[in-house]
Amino acid sequence: MLLVGLAQLLGYVFVRLRQPKVVGEILAGVVLGPALIGRVPLLSGLTAAIQHQGNIINFVYWLGLLLLMFLSGAETRHLFSREERREVGWLTIVGTGIPFVLALLLGPWLIRPALAGPNGNGISLIIILAVGVAVTSVPVVSKIFADLKILHTRFARLILGVAVLEDIVLWLALAVATAMAGRSALNARSMTYHLLVTVSFFGLGLTIIPRMVKRINKSRYNVLATHSPVAYAIVVLLGYCVIAGALDVSLVFAAFLAGFAVVHKKRRLFSEALDSIGKVSFGFFIPAYFAIVGLKLDLIRGFSLWMVTAFLVGSCAVKIVSVALAGRFAGFRGLDLINLALTMNARGGPGIVLASVAFDAGIISPKFYTTLVLAAVITSQMAGAWLDYLLHRGWPLLTPADTYEASAIPVESSPSAA
């Protein structure tokens, strides 16, 4: 497949340039899309041929996304450990809450007619703006962590834990915004039900259901797990997705929680199966997913330099300062605050989903759509480039907690002083 081949090629080039591989994969879709190849008369038929395979493209897109989240869940099985709940809480409430609330309060003065689509009104535009400023990407950040081989670290667990919680607000806010735009039949009761079901599904998926699944994993009657562990792991993934679909819960949540449930707390079950799934996924489906994200970007619909610059600078400043403040409350210091702030500033996939849904609903204009998409890509590249630089310099992602505790001991009472 040409799309995947170019994604692998540009991903390799970006790695050689010490840039996030995922940005090269997204760029592959942009190159083959209507913005570049599609504008060349002799080659425009190639773009049309790719877009004509809509059903296949959509299937590969969703399978790549679900596999990415499944593998991320398997790697972050201690996502909300008892020691990290306080830190995740501060980063979520302050690091996400301040940008979201601030954008809601300032929205009436920031919204301009140039931002609105045919169905856009003041309230729906303010909600989209607030989500665009506050959101952190789960898929893109997961892919950056995987490319840099830090998905297993405490730093990755904290970032993904906060990002997953943020997504609950994202989907609810999108439902409210589309309802305000007259494109959704949701009312207050159905929106409340949707939120409660999503939160319950997520809570049970982190507590009770994994214990049940792990008992089934180890059962001697589990013939499928014994003779075909790869097939069994995929069955668990699809089972979660079926239940989530029946409850109208995001499949991204379901895939993440399925990976979380497959892995045992003390020792990794199906490690070889997960490794096999990972090789196929990162070799084909996940690069294809990000390439299709790039393919869907239509930069011809509108571009405003002042709008892109204003949104990028303003949203980054608010998000970075808020996360740094949240990290300070959580007990982090120094370089840790910079690492957390720049990484959580990556908008990535959810930023692009936000733009697409809002544009399809007629809430935002083509120029605002392009602005949200470019902000998602640029902030993701900023995060990946910084983490790569950090690792090449040998600097720690997070300082061990005991270092903070030791530094807090007064000199006169420390053992060395005695």
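Residues numbered from 1 in each chain as written. Predicted model: local features only at pLDDT ≥ 70, side-chain atom pairs only at ≥ 80, totals over all residues. Heavy atoms only, no water.

**Thoughts on the overall build of the protein**
Step number 1: Counting secondary structure elements, the protein contains 20 helices and zero strands.
Step number 2: A total of 418 residues make up the protein; the buried ones form 52% of that total.
Step number 3: Sequence-distant contacts, at least 24 apart, represent 80% of the contacts inside the protein between residues at least 6 apart.
Step number 4: About 19,000 Å² of surface is accessible on the protein, with carbon and sulfur atoms providing 67% of the total. (Helix = DSSP H or I, 4+ residues; strand = E, 2+ residues; numbered from the N terminus. Buried < 20%, exposed > 50% of the residue type's maximum accessible area, 1.4 Å probe, protein only. Contact = heavy atoms within 4.5 Å. Areas by Shrake-Rupley, 256 points an atom, 1.4 Å probe, with all protein chains shown as cover.)

**Some words on the packing of helix α1 (residues 2-16) against helix α15 (residues 271-295)**
Step number 1: Closest axis-to-axis distance for the α1/α15 pair is 8 Å, and the angle between their directions is 95 degrees. When the interaxial angle is binned, α1 and α15 end up roughly perpendicular. Residues Leu3, Val4, Ala7 and Gln8 of α1 form the contact with α15, whose participating residues are Phe282, Gly283, Phe284, Pro287, Ala288, Ala291, Ile292 and Leu295.
Step number 2: Classifying every residue of the contact of α1 with α15 by side-chain character gives 10 nonpolar, two polar and no charged. (Axes fitted to C-alpha atoms, helices over the stretch in contact; angles between N-to-C directions. Parallel < 35°, antiparallel > 145°, perpendicular 65-115°, else oblique. Nonpolar A, V, L, I, M, F, W, Y, C, P; charged D, E, K, R; others polar.)

**Topic: helix α2 (residues 21-32)**
Step number 1: Compared with the 16 Å implied by 1.5 Å per residue over 12 residues, the 17 Å span of α2 between its first and last C-alpha is a close match.
Step number 2: Counting buried positions along α2 gives nine out of 12 residues, so the element sits mostly inside the fold.
Step number 3: If you check which residues of α2 are buried, you get Val22, Val23, Gly24, Glu25, Ile26, Ala28, Gly29, Val30 and Leu32. (Expected span 1.5 Å × (residues − 1).)

**Quick word on the environment of Lys21**
Step number 1: Position of Lys21 among the secondary structure elements: in helix α2.
Step number 2: For the pair Lys21 and Lys143, spaced 122 residues apart in sequence, the C-alpha to C-alpha distance is 8.6 Å.
Step number 3: Residues contacting Lys21, with those up to four places away along its chain left out, are Gln8, Gly11, Phe14, Val15, Lys143 and Asp147.

**Regarding the nonpolar core**
Step number 1: Grouped together as the largest cluster of nonpolar side chains are 130 residues, with contacts concentrated most on Phe70, Ile128, Phe145, Tyr240, Ile364, Phe368 and Leu387.
Step number 2: Here this core gets 12 residues from one element, more than from any other, and that element is α15.
Step number 3: Non-local contacts of Leu387, meaning those with residues more than four positions away in its chain, are made with Ile144, Phe145, Leu148, Ile150, Phe155, Thr343 and Leu397. (Core = buried A, V, L, I, M, F, W, Y, C linked by side-chain atoms within 4.5 Å.)

**Comments concerning a nonpolar patch on the surface**
Step number 1: A cluster of nonpolar residues, Trp90, Ile98, Val101, Leu102, Leu105, Leu106, Trp109, Leu110, Leu325 and Phe329, forms a patch on the protein surface that exposes about 930 Å² of accessible area.
Step number 2: Among the secondary structure elements, those contributing two or more residues to the nonpolar patch are α6 (97-110) and α16 (305-330).
Step number 3: No other element matches the seven residues that α6 contributes to the nonpolar patch.
Step number 4: Given the relative accessible area of 36%, Leu325 is considered partly exposed. (Patch = residues over 30% accessible without salt bridge, like charges linked within 9 Å, V, L, I, M, F, W, Y side chains within 5 Å. Salt bridge = Lys/Arg side-chain N within 4 Å of Asp/Glu carboxyl O.)

**Examining the packing of aromatic side chains**
Step number 1: A complete count under the given rule lists 10 aromatic pairs for this structure.
Step number 2: Arranged with centres 6.0 Å apart and planes meeting at 70 degrees, the rings of Phe145 and Phe155 form a pair that is edge-to-face. Residue Phe145 is found in helix α8 (residues 138-147), and its partner Phe155 is found in helix α9 (residues 154-180); the two are separated by 10 residues along the sequence.
Step number 3: Taking relative accessible area as the criterion, Phe145 reaches 0% and is therefore assigned buried.
Step number 4: On the accessibility criterion, Phe155 (2% relative accessible area) is buried.
Step number 5: An angle of 35 degrees between the planes, with centres 5.7 Å apart, marks the rings of Trp386 and Tyr389 as tilted. Residue Trp386 and its partner Tyr389 are located together in helix α19 (residues 366-393), separated by three residues, close to a single helical turn.
Step number 6: These aromatic residues form a ring-pair network of at least three members: Tyr61, Trp62, Tyr289 and Phe290. (Phe/Tyr/Trp six-rings, centres within 6.5 Å; stacked < 30°, edge-to-face > 60°.)

**Here's the deal with unusual backbone geometry**
Step number 1: Backbone geometry at Lys149 places phi at a positive 60 degrees, although glycine is not the residue there.
Step number 2: Here Lys149 shows up in the loop between α8 and α9.
Step number 3: Taking relative accessible area as the criterion, Lys149 reaches 66% and is therefore assigned exposed.

**Observations regarding the pattern of salt bridges**
Step number 1: Tallying each qualifying case throughout the model produces one salt bridge.
Step number 2: Across the salt bridge formed by Arg154 and Glu87, the nearest N and O atoms sit 2.7 Å from each other. Here Arg154, found in helix α9, pairs with Glu87, found in helix α5 (residues 85-93); they are 67 residues apart in sequence, far enough to count as distant.
Step number 3: By relative accessible area, Arg154 is classed as partly exposed at 23%.
Step number 4: Residue Glu87 is classed as buried on the basis of its relative accessible area, which comes to 10%.

**Side note on the environment of Arg154**
Step number 1: For the pair Arg154 and Leu398, spaced 244 residues apart in sequence, the C-alpha separation works out to 8.0 Å.
Step number 2: In this structure the side chain of Arg154 is engaged in a polar contact, spanning 2.7 Å, whose partner is the side chain of Glu87. (Polar contact = N/O pair within 3.5 Å; in protein donor to acceptor, adjacent residues only side chain to side chain.)

**Some details on the confidence of the model for the protein**
Step number 1: Confidence in the prediction of the protein, expressed as mean pLDDT, is 79, and 81% of residues score 70 or more.
Step number 2: Contacts for the low-pLDDT stretch residues 404-418, under 50 throughout, to residues beyond four places or in other chains number eight contacts. (pLDDT = per-residue confidence, 0-100.)

**Things to note about the packing of α6 against helix α7 (residues 122-134)**
Step number 1: Interaxial distance between α6 and α7 falls to 8 Å at its minimum, and their mutual angle equals 140 degrees. Looking at the two axes, α6 sits oblique to α7. The hand of the α6/α7 crossing is right-handed. Contacts between α6 and α7 involve Pro99, Phe100, Ala103, Leu104, Gly107, Pro108 and Leu110 on the former and, on the latter, Ile126, Ile127, Leu129, Ala130, Val131, Val133 and Ala134.
Step number 2: Here the contact of α6 with α7 is built from residues that sort into 13 nonpolar, one polar and no charged. (Left-handed = near helix turned anticlockwise from the far one by under 90°.)

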